[in-house]
Structures are given as structure tokens and as C-alpha cells.
Amino acid sequence: MSQAPSAIPLAAVAATASRAPARQSYEALRVFIRNPSAVFGVLLLTAILAVTIFGPMLMQADPFEIASAPMDPPGGDMLLGTDYLGRDVLTGMVYGGRATLLVGVVAAVLSMAIGLTVGALAGYYGGWVDETLMRITEFFQVLPTLLFAMVLVTLFTPSLATIAVAIGVVSWTGTARLARGEFLRLKRREYVLAERVIGASDARIIWRVILPNALAPLIVSATLAIGTAILFEAGLSFLGLGDPNIMSWGLMIGSNRPYILTAWWAVTLPGAAIFLTVLAVSLIGDGLNDALNPTSRGRS
């Protein structure tokens, strides 16, 4: 009889914690909208996505087709000029953006999935689970990421799928450490202990109780991971390890780099597209960090 009254407060604590992320979302959105850099990043990324998604539907062209004389400067029939083979640079940028962004998003999702799973299990269970998973994390962390990704892509046929998997496999360690720290911090909170007392399973506590309260820094990490993956894909394509049958911004830069002095536009314009995309993602990530970080919200 003495323990019956405590069941209601414990259940109330657990229910209140489960609603906490929803209560904070409005305040975070308000802070994000008041950040001009973050709003500019959203508008810029929206414009880039609109061009890469709807552009190919409107143009109906082959980015590998010889459209004019090699290395025609911008202007005239070819608005952005042609590359060293005579391919239209504008068509290549429109179609290449789709492949570059797709690889970046898929690689970032894979990286977050691996890192979040490893970090959550390590932080929640501790002990030998934590030691084992963190040693594996350290092993991947000390590997030269670009070299390891090159080896993985070389072992298999270069394609968008293998490139995305290679980038995801080599770039999850930072997320794992971040997730581990958050779970170590949150697993002893009152609402987590309350869930244990009322008989919740470990899976529910990890994914339904702790994870929603640890999402703020992880969302920021996921956003920035997209920009990192885009740069990774561009670097692999620049080194000739991209899919030669699919146009991408990195492939455009890599194939035209010997002619940068005579056809600078064929290298500079795809590079500018990568720069603007990563800039937009970074601005959004900084805005999310300010909006989701209670300390930053207190300063705004």
C-alpha cells in the first residue's frame, strides 16, 4: 500500500518527459525563423533543390551529348558554355546536381544510422558493451577516411550506391561519440528511471524516451553530415572514382581540370554549385544549433 501512491507520480514524470520535445519545437522554430542566415540557407537550398529536381524534367536533354564545339565560352546558344568535349555545362550542372545531392543525403542518412545505433547502445548499456563499441569506433576514427573510402569504391564497381555506402561507412564515428555522450547524460534522468520502474523495455527507453530528448545535437550533426558527404562525393569523383555513366558536379570538375586555364567555366561553375550547396547546408545547421541549443536560445 505504501508504494501505490508513487506509481502515479512516476507515470506522470514519464508522460511529461515524452511531451517535452513537442513543447520545445515551437520555441525552436521561432528562434530559427528569426535567424536571417538560417532563413537564407533554407531559401538557397530550396532553390538548388528546385533546379536539380525539376530542371531535368523541363530540359529533357542528355548531359553526355555533344552539343557544340569544345570549350565554347558562356553566352550564345550555350548559356554556360561547353566543356572540353563540347558537352553543355548548364545541362551537366542541372543533371549532375541530382546525383551529387542524392549521394550526399543517402550517405549522411547511413552515417547517422550507424553512428546513432552504436552511440546509443554504448551510452545506454555501458560496461563491456560500451568498451567494445568504442574500441571499434576508435579503430574507424584513426583510419584515413578518404583513403579508406577510395579503397572501398575501388573494390566494387563505382556507382552512386557504392559511393554512398563508402562515405557512410567511413564518416559515422563523430555521430557515435555524440550520441554516446547524450545517452550517458540522459539515461539517469528522472523520467528514464520512471520508465524503468513502470516496466518499460530497453528498446522503448532507448528509442522512444531518451532519443527524442537527445535529438537536438543529433539533428545538427545530421545536417552538417550532408555537406560533408557532398564534399566527399565531389572529391572521389574528382579523383576519377565516381560513376562515369552518371553526371555529377565532381565528375565535371575532375574531367575538365586539365583545361582550367582555357575553359575555366567548366570547372568553376560546378565548383561554385558545390560551394553554394555546402554553404546553404552549413547555414541551416548553424541555425538549427542556435534554435535547438537552450543556451543559444537564452542569448537570442
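In the block above lies the structure referred to throughout.
Counting from 1, residues in each chain are numbered in the order their sequence is written. Local features are withheld for residues below a pLDDT of 70 in this predicted model, meaning they are given only at 70 or higher, and side-chain atom pairs are given and counted only at 80 or more; totals for whole chains, interfaces and linings count all residues. Hydrogens and water molecules were not included; the side-chain quantities draw on all heavy atoms of the structure.

Caption draft 1: Geometry of the overall build of the chain. Numbering of helices and strands runs from the N terminus; a helix is a DSSP stretch of H or I covering at least four residues, while a strand is a stretch of E covering at least two. A count of helical and extended segments in the chain gives 13 helices and zero strands. Traced from its N-terminal end to its C-terminal end, the chain shows the element sequence α-α-α-α-α-α-α-α-α-α-α-α-α. Taken over 300 residues, the chain has a buried fraction of 43%. Contacts are residue-level and defined by heavy atoms, with any inter-residue pair within 4.5 Å sufficient. A sequence separation of at least 24 residues applies to 71% of the contacts in the chain between residues at least 6 apart. The buried label applies to any residue whose accessible area, calculated with a 1.4 Å probe on protein chains only, is under 20% of its type's maximum; exposed applies above 50%, and partly exposed to all values in between.

Caption draft 2: Structural context of helix H11 (residues 249-256). With eight of eight residues buried, H11 is to be regarded as a mostly interior element. For H11, the secondary structure elements touched by its buried residues are helix H2 (36-59), helix H3 (89-125), helix H10 (215-238) and helix H12 (265-292).

Caption draft 3: Quick look at unusual backbone geometry. With phi around 50 degrees, glutamine 60 is a residue other than glycine that occupies positive phi space. Relative to the helices and strands, glutamine 60 resides in the loop between H2 and H3. For glutamine 60, a relative accessible area of 63% translates into the label exposed. Of note in the backbone geometry, methionine 71 takes a positive phi value of approximately 55 degrees without being a glycine. Mapped onto the fold, methionine 71 is located in the loop between H2 and H3. Judged by relative accessible area, which is 28%, methionine 71 ranks as partly exposed.

Caption draft 4: Layout of the side chain of glutamate 182. Inspection of the secondary structure assignment puts glutamate 182 in helix H7 (residues 173-186). Not counting residues up to four positions away in its chain, the partners in contact with glutamate 182 are Ala214 and Pro217.

Caption draft 5: Structural context of the side chain of glutamate 233. Relative to the helices and strands, glutamate 233 resides in helix H10. Contacts of glutamate 233, omitting those with residues within four sequence positions, involve Thr100, Val103, Ile163, Ile167, Ser248 and Gly250.

Caption draft 6: Examining the nonpolar core more closely. Core analysis: the largest hydrophobic core is formed by 30 residues, its most contacted members being Phe32, Val89, Met93, Trp249, Met252 and Ile274. Looking at this core, the elements that each hand over two or more residues are helix H1 (4-33), H2, H3, H10, H11 and H12. Sort the elements by how many residues they give to this core and H12 lands first, with eleven residues. Ignoring sequence-local partners within four residues, the contact set of methionine 252 consists of Val89, Gly92, Met93, Met247, Ala266 and Pro270. Only buried residues count toward a nonpolar core, which is a set of Ala, Val, Leu, Ile, Met, Phe, Trp, Tyr and Cys residues joined through side-chain atoms within 4.5 Å.

Caption draft 7: Local environment of empty space enclosed by the protein. In the cavity and pocket records, a cavity denotes points on a 1 Å grid over the protein atoms alone where a 1.4 Å probe fits but cannot get out, a pocket denotes an open set with protein on both sides within 12 Å along at least 5 of 7 lines, and lining residues are residues with an atom within 4 Å of a point. Grid points are joined across faces, edges and corners, and a volume is the space filled by probe spheres set on the points. One pass over the full model with this rule turns up one cavity of 30 Å³ or more. Approximately 50 Å³ is the volume attributed to the largest cavity. Secondary structure elements with two or more residues in the lining of the largest cavity: H3 and H11.

Caption draft 8: How the structure looks around the packing of H3 against H10. Here, axes are lines fitted to C-alpha atoms. For helices the fit covers the stretch in contact, and angles between N-to-C directions go from 0 to 180 degrees. Axis separation between H3 and H10 bottoms out at 8 Å; the angle between their running directions is 135 degrees. As judged from the angle between their axes, H3 and H10 are oblique. The two elements H3 and H10 meet at a crossing, and its hand is right-handed. Contacts from Thr100, Leu101, Val103, Gly104, Val105, Ala107, Ala108, Met112 and Leu116 of H3 reach H10 at Leu218, Ser221, Ala222, Ala225, Ile226, Ala229, Ile230 and Glu233. Here the contact of H3 with H10 is built from residues that sort into 13 nonpolar, three polar and one charged. The scheme is simple: roughly parallel for angles under 35 degrees, roughly antiparallel for over 145, roughly perpendicular for 65 to 115, oblique for anything else. Note: crossing handedness is left-handed where the near helix turns anticlockwise from the far helix by less than a right angle, and right-handed where it turns clockwise. Under the grouping applied here, Gly and all other residues not named as nonpolar or charged are polar, the nonpolar ones being Ala, Val, Leu, Ile, Met, Phe, Trp, Tyr, Cys and Pro and the charged ones Asp, Glu, Lys and Arg.

So, to be careful, I would describe these as geometric facts and stop short of saying anything about function.
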